[in-house]
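# Geometric and topological summary
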Amino acid sequence: MKRSTLFPYLIWMVLFIVVPMFLVLYYAFTVPTESGATWSLENFARFFEPIYLKVLWRSLRLALFSTVICLIIGYPAAMVMAGNAFERKSVVLLLFVVPMWMNFLLRTYAWLTILERNGVINVLLANLNLPSLNILYTEGAVVLGMVYNFLPFMVLPIYSVLSKIDRGVVEAAGDLGANSLQVFAKVIFPLSLPGVVSGVTMVFMPALTTFVISRLLGGGQFTLIGNLIEQQFLVVGDWGFGSSISVVMIVLILLSMAIMSFFEGEEKDVALW
Amino acid sequence: MVRFLKRSYIYLVFAFLYMPIAVLMVYSFNDSRSRGMWGGFTLRWYVELFQDRTIMSSLYSTLFIGVTSAVIATIIGTLAAIGIHNSRGIQKKLIMNVTYLPVLNPEIVTAISLMILFVFTKVRLGYLTLLLSHITFNIPYVILSVLPKLRQLNKHLYEAALDLGCTPAGALWKVIIPEIMPGIITGLLLAFTLSIDDFVISFFTTGSGVSTLSITIYSMARRGINPKINALSTIMFTFVLLLLIIVNIRQAREQRKGRNGKNGQKRQMDALRTGFGGV
């Protein structure tokens, strides 16, 4: 078969993937001078200023927190869905995916209505004569938004690995005298690790780089890495610093991909999930 | 008992997933601006929604860019997948790794890299840059949907077509393309969904005056709650739900017609994948 069909894409790829990446690298590793630009690591050094370290720390903390919550809620959910508690598994799975079809911004916006000072939760509390809660525009609201938006990223990879586990292996463990806790700890969980790793990465990375959730539910007072990049490009206009943060992000991604492929081994097709 | 607990747990998770959407839908009929109060049933927000010029024009842009970028990305991506399938060694590995970049990179990184490119080359930010960006982030998904179908393809089919007197282009068009059609359709739908749902990349690569639905929602939501957005959400969610029900009924019918069940199941997984891509 012909390979010439590749050419339109090759041109596109170079123009819109490779060249932009090099431009990001260029801006990250240079600083503007009167006569053009000069190579420098200054942009990366700025990252270690206390305010930015604080942003990095907050992003990592919130992302990690939401990932753990997603895992705690998501793993049992995936297990139940992969098991035989429901007759029509595909319908349950579909119901799980349907909310994902809603626009991501609308899903985040929906929480405004619920968490607001005069929102659903506080009206309910007032009716019960309880003091009102200030949830919106707190770190808790940001974490809630992340968990809500990214939970399916955790459940689906784990579900897909769990449902492929050979029933025979589980039964064999039981026959050989393991109780259900041991079966889980020594057979099911280790076998589901690739799904867990893939789920953790798929929740952690978007949670780390989001700027929408923190802006809408955090009210702009919780700057995360994503917000920092956005500000550098759209408000401050400091492309060098913005690019250097992006480069750090790319490196982080590549590292986590390396860790993931270490766990996943051969199965390349699963990567899309 | 255990089964009951298991089921309840899933229902609880579903409640968490659906509650915000349900609240939005209920409040879209609420005749009162303040949230907690129920001021009676109204369709006022729906009327205002359709009279809102900004929302309507961004809806048009979203659909236009969604369709155009999906079609162009599908054409380039399908041809690319055929080319990739037939290349070997280092070349193939290199192309695949670069293709994975936009999929793996955080959206914001892809977004700013494209923005730098457009500003650097002095292309005016607007419709054109938006379209180019959407095609760019859609192509990898088309390639990744078409490649598995090519792997399943019997490679002697193409040779047979040539032996029987087909030109290479003719064989491609008459033999290969029809065989990999399910993958192409999945890719097209995936690309369309991704394009419609995209916010981050559009936000950075659009110029003044051109706005997609996501961008409009963001700028409205930033200013607080707006009942028109609730009405919009209700319409969009109902639309998606109807679409899913239709697709499911069609699948169920096809399965009943006696086509082999495995194929149906496979397609259902494809549909899920498409839905999941909608994130």
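Residues numbered from 1 in each chain as written. Chains lettered and ligands numbered in written order. Predicted model: local features only at pLDDT ≥ 70, side-chain atom pairs only at ≥ 80, totals over all residues. Heavy atoms only, no water.

## Structural notes on the pattern of salt bridges
Tallying each qualifying case throughout the model produces 8 salt bridges over all chains. Between Glu87(A) and Arg7(B) there is a salt bridge, with the nearest N and O atoms lying 3.4 Å from each other. Of this pair, Glu87(A) sits in the loop between helix H3 (50–82) and helix H4 (89–97) while Arg7(B) sits in helix H1 (residues 2–27), on two different chains. Its relative accessible area of 23% is what places Arg7(B) among the partly exposed residues. Where salt bridges share partners, they join Arg58(A), Arg61(A) and Glu139(A) into one cluster. (Salt bridge = Lys/Arg side-chain N within 4 Å of Asp/Glu carboxyl O. Helix = DSSP H or I, 4+ residues; strand = E, 2+ residues; numbered from the N terminus. Buried < 20%, exposed > 50% of the residue type's maximum accessible area, 1.4 Å probe, protein only.)

## Some points on the packing of aromatic side chains
Each aromatic ring pair is characterised by the separation of its centres together with the angle its planes make. In this structure the tally under the stated criterion is 31 aromatic pairs over all chains. Note on Tyr26(A) and Trp39(A): the rings are 6.2 Å apart at their centroids and 85° apart in plane angle, and the pair reads as edge-to-face. A residue pair is termed long-range when its members are at least 10 positions apart, and Tyr26(A) in helix H1 (residues 7–28) and Trp39(A) in strand S2 (residues 36–39) qualify at 13 residues. A relative accessible area of 66% means that Trp39(A) is categorised as exposed. Of the aromatic side chains, those joined through ring pairs into one cluster are Tyr26(A), Tyr27(A), Trp39(A), Phe233(A), Trp239(A) and Phe120(B). (Phe/Tyr/Trp six-rings, centres within 6.5 Å; stacked < 30°, edge-to-face > 60°.)

## What about the interface of chain B and chain A?
In this complex, chain B contributes 93 residues to the contact, which on the side of chain A involves 87 residues. Here chain B and chain A share an interface that buries about 8,900 Å² over both sides, 79% of which is from carbon and sulfur atoms. At the junction of chain B with chain A, the criterion picks out 2 salt bridges. A salt bridge links Arg3(B) to Glu87(A); its shortest N-O distance comes to 2.6 Å. The interface formed by chain B and chain A contains 14 residue pairs in polar contact (both at pLDDT 80 or more). The element contributing the most residues to the side of chain B that touches chain A is H1(B), with 17 residues. Grouping the constituent residues of the side of chain B that touches chain A by class yields 66 nonpolar, 19 polar and 8 charged. (Contact = heavy atoms within 4.5 Å. Buried area = accessible area lost by both parts, 1.4 Å probe. Polar contact = N/O pair within 3.5 Å; in protein donor to acceptor, adjacent residues only side chain to side chain. Nonpolar A, V, L, I, M, F, W, Y, C, P; charged D, E, K, R; others polar.)

## Some remarks on helix H5 (residues 104–115) of chain A
Residue and element names in this part refer to chain A. When the terminal C-alpha atoms of H5 are compared, their 17 Å separation across 12 residues agrees well with the 16 Å that a helix rising 1.5 Å per residue should span. Of all 12 residues making up H5, 12 are buried, and the element is well covered by its neighbours. Turning to H5, its buried residues are Phe104, Leu105, Leu106, Arg107, Thr108, Tyr109, Ala110, Trp111, Leu112, Thr113, Ile114 and Leu115. Measuring from the backbone nitrogen of leucine 105 back to the side-chain oxygen at the start of H5 gives 2.8 Å, which picks out asparagine 103 as the cap. (Expected span 1.5 Å × (residues − 1).)

## Quick look at the environment of Tyr158(B)
All names here are of chain B. Note that tyrosine 158 resides in helix H7 (residues 156–163). A relative accessible area of 7% places tyrosine 158 in the buried class. With 10 residues separating them in the primary sequence, tyrosine 158 and proline 168 have C-alpha atoms 8.4 Å apart.

## Quick word on the nonpolar core
Among the nonpolar cores identified, the biggest contains 170 residues, and Tyr9(A), Phe211(A), Leu150(B), Phe199(B) and Phe204(B) are the most heavily contacted of them. Counting contributing residues per domain, this core is built from domain 1 (1–40) and domain 2 (50–272) of chain A, each supplying no fewer than three. (Core = buried A, V, L, I, M, F, W, Y, C linked by side-chain atoms within 4.5 Å. Domains from an automatic or database assignment.)

## Observations regarding a nonpolar patch on the surface
Residues Val26(B), Trp38(B), Phe41(B) and Leu43(B) make up a contiguous nonpolar surface patch of about 450 Å² in total accessible area. Tracing the backbone through its elements, the reader meets Val26(B) in helix H1. (Patch = residues over 30% accessible without salt bridge, like charges linked within 9 Å, V, L, I, M, F, W, Y side chains within 5 Å. Areas by Shrake-Rupley, 256 points an atom, 1.4 Å probe, with all protein chains shown as cover.)

## Things to note about the confidence of the model for chain B
Residues and elements named next belong to chain B. The share of residues in chain B with pLDDT of 70 or more is 89%, and the mean pLDDT across the chain is 85. Mean pLDDT values for the elements of chain B range from 45 in helix H13 (residues 261–277) up to 95 in helix H10 (residues 200–205). pLDDT under 50 marks residues 259–279. Its contacts with residues more than four places away, or in other chains, come to 45 contacts. On the interface metric, ipTM, the complex scores 0.85, and its pTM is 0.85. (pLDDT = per-residue confidence, 0-100.)

## Things to note about the domain arrangement of chain A
Residues and elements named next belong to chain A. Looking at chain A, the domain boundaries give domain 1 (1–40) and domain 2 (50–272). One C-alpha centre belongs to domain 1, the other to domain 2; they are set 32 Å apart. Listed per partner, the contact involves 5 residues of domain 1 and 7 residues of domain 2. Buried surface at the junction of domain 1 and domain 2, both sides included, amounts to about 470 Å², of which 84% is carbon and sulfur.

## Here's the deal with the pairing of S2(A)
Residue and element names in this part refer to chain A. Both strand S1 (residues 30–33) and S2 contribute to a ladder of 4 bridges, which runs antiparallel. Within the sheet, the bridge partner assigned to threonine 30 lies in S2 and is tryptophan 39. In this antiparallel pair of consecutive strands, S1 and S2, the connection spans 2 residues. (Pairing = 2+ DSSP bridges.)

## Considerations on the environment of Ile82(B)
Within the fold, Ile82(B) resides in helix H3 (residues 53–85). As a C-alpha pair, Ile82(B) and Val123(B) span 41 residues in sequence and 31 Å in three-dimensional space.

## Details of the packing of H3(B) against helix H6 (residues 127–152) of chain B
All names here are of chain B. Where H3 contacts H6, the two axes come as close as 6 Å, and the packing angle between them is 40°. Classified by the angle their axes make, H3 and H6 are oblique. Of the two possible hands of crossing, H3 and H6 adopt the one that is right-handed. Across the contact of H3 with H6, the residue classes tally to 21 nonpolar, 9 polar and 1 charged. (Axes fitted to C-alpha atoms, helices over the stretch in contact; angles between N-to-C directions. Parallel < 35°, antiparallel > 145°, perpendicular 65-115°, else oblique. Left-handed = near helix turned anticlockwise from the far one by under 90°.)

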